[in-house]
Amino acid sequence: DTGVSQDPRHKITKRGQNVTFRCDPISEHNRLYWYRQTLGQGPEFLTYFQNEAQLEKSRLLSDRFSAERPKGSFSTLEIQRTEQGDSAMYLCASSPSRDQGYTFGSGTRLTVV
Amino acid sequence: GNSVTQMEGPVTLSEEAFLTINCTYTATGYPSLFWYVQYPGEGLQLLLKATKADDKGSNKGFEATYRKETTSFHLEKGSVQVSDSAVYFCALAGEGTNAGKSTFGDGTTLTVKP
């Protein structure tokens, strides 16, 4: 078990470009989460998968954000037409159940210039 | 909706001092409660958890008790060390329509000086 892996660790992109992040959860965990964290704030929920099904998506997310988890394994988070306000740390976490807590990845830090 | 309120920081203590970081929550039903810790330069890690009222979670000398009557889950440690310097996040996992996600507080930064 190598934990939750996220790639890339850092991404710098120009405003208006599309970016895609990848998350590989712990293989035994059927629940996968994406969060966003900015400096001085706690993680903010973006979306949640149970196996391959996307069960919840934050109302705060615009249509520029999309996530997939094909075959219930790794997941990707895509941001289209990035804006400076998208600059943040994007965190992926996995869990075997609601009551067990999360195992987080190290995150992908996005900077939009 | 669910929410978590943490004691504002930063908190600065001397080594071997007693630590309390307050956390209160708003949620319907019976959420599960968690403390996560983020050490400098590292990712978030689960520190401890409690899944029902009056449960006490404990790990690495830290403790927190699930108090339903006061909707609180305060983090305590009897004698802090320099290595405990980190950001601590309180979180809850809701029930029903909110069961899909955890809600986090904004974090409390702890600095322990030798």
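Below is a short write-up of the structure. If you're wondering where the values come from, they're calculated on a predicted model, not measured in any experiment. (Residues numbered from 1 in each chain as written. Chains lettered and ligands numbered in written order. Predicted model: local features only at pLDDT ≥ 70, side-chain atom pairs only at ≥ 80, totals over all residues. Heavy atoms only, no water.)

It is worth spelling out the interface of chain B and chain A at this point. Contact residues are listed per partner, giving 22 residues for chain B and 18 residues for chain A. Carbon and sulfur atoms supply 49% of the area buried between chain B and chain A, which totals about 1,600 Å² over both sides. Here chain B and chain A share one salt bridge between them. The partner of K101 of chain B in a salt bridge is E56 of chain A, and the shortest N-O contact between them spans 2.7 Å. Joining chain B to chain A, the criterion identifies eight residue pairs in polar contact (both at pLDDT 80 or more). Examining the composition of the side of chain B that touches chain A, we find that four residues originate from one element, strand β5 (residues 32–38) of chain B, more than from any other. Split into classes, the residues belonging to the side of chain B that touches chain A amount to ten nonpolar, eight polar and four charged. (Contact = heavy atoms within 4.5 Å. Buried area = accessible area lost by both parts, 1.4 Å probe. Salt bridge = Lys/Arg side-chain N within 4 Å of Asp/Glu carboxyl O. Polar contact = N/O pair within 3.5 Å; in protein donor to acceptor, adjacent residues only side chain to side chain. Helix = DSSP H or I, 4+ residues; strand = E, 2+ residues; numbered from the N terminus. Nonpolar A, V, L, I, M, F, W, Y, C, P; charged D, E, K, R; others polar.)

A word on the sheet that holds strand β8 (residues 75–79) of chain A. All names here are of chain A. The antiparallel open sheet is built from four strands, whose spatial order is β1-β3-β8-β7. Looking at strand neighbours, the two that pair on one side only are β1 (5–7) and β7 (65–68), the edges of this open sheet. If you compare each strand with its neighbour and ignore which way they point, the axes differ by 15° on average. Summarising the sheet, β1 and strand β3 (residues 19–24) pair through three bridges and their orientation is antiparallel. Counterpart to D7 in the pairing with β3 is R22. (Pairing = 2+ DSSP bridges. Axes fitted to C-alpha atoms, helices over the stretch in contact; angles between N-to-C directions.)

Before going further, it helps to spend a moment on the pattern of salt bridges. The final tally for this structure, using the stated rule, is nine salt bridges over all chains. Measuring nitrogen to oxygen at the nearest pair gives 3.4 Å for the salt bridge that ties D55 of chain B to K52 of chain B. With a relative accessible area of 22%, D55 of chain B lands in the partly exposed category. Residue K52 of chain B is classed as exposed on the basis of its relative accessible area of 51%. Each member of the salt-bridge network shares a partner with another, and the members are R64, E83 and D86 of chain A. (Buried < 20%, exposed > 50% of the residue type's maximum accessible area, 1.4 Å probe, protein only.)

Functional significance is not addressed by these values, which are geometric in nature.
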